[in-house]
Amino acid sequence: MKRYWIDEVKQAFPRIDGLPVVVLGLKRDLRSETDPNGIIYPQEAYQMAQSLRADRYVECSAVTGELLKLAFEDLCSTAIKTTTAAGGQSEAGCSIM
């Protein structure tokens, strides 16, 4: 994931150094202690986000709505804080890939 995803971001945004990166973990509702196959625990995802030098890690479930509002608020507040080196609002405050 790390190599593929960060390469995609770098292709889409040549100046990634000024772009806040948020890693969003989806399908939180599928995490189960009784079925450990393929589960990525929050600690592992957070460590991956840190290794990508992401600014934030959030997770949610669209099916159950768990943490969904909080995830969108976090994404929006991060996008709003995106500024240029001169201090103005950046041209692309938020992009979803």
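The rules behind each value
- Residues numbered from 1 in each chain as written.
- Predicted model: local features only at pLDDT ≥ 70, side-chain atom pairs only at ≥ 80, totals over all residues.
- Heavy atoms only, no water.
- Salt bridge = Lys/Arg side-chain N within 4 Å of Asp/Glu carboxyl O.
- Helix = DSSP H or I, 4+ residues; strand = E, 2+ residues; numbered from the N terminus.
- Buried < 20%, exposed > 50% of the residue type's maximum accessible area, 1.4 Å probe, protein only.
- Expected span 1.5 Å × (residues − 1).
- Contact = heavy atoms within 4.5 Å.

## What to know about the pattern of salt bridges
Argument step 1. A full pass over the atoms with the stated rule returns four salt bridges.
Argument step 2. For Arg56, the salt bridge goes to Asp74, with nearest N and O atoms at 2.7 Å. Taken together, the residues Arg56 in strand E2 (residues 56-59) and Asp74 in helix H3 (residues 68-80) connect sequence positions 18 residues apart.
Argument step 3. According to the relative accessible area criterion, Arg56 is partly exposed, its value standing at 38%.
Argument step 4. Three or more residues joined by partner-sharing salt bridges are found here, namely Arg28, Glu59 and Glu66.

## Describing H3
Residue pairs three or four apart in sequence face the same way in an α-helix, which turns once every 3.6 residues.
Argument step 1. With 13 residues, H3 should reach 18 Å at 1.5 Å per residue; the first-to-last C-alpha distance of 18 Å fits that figure.
Argument step 2. For H3, the secondary structure elements touched by its buried residues are strand E1 (22-25) and E2.

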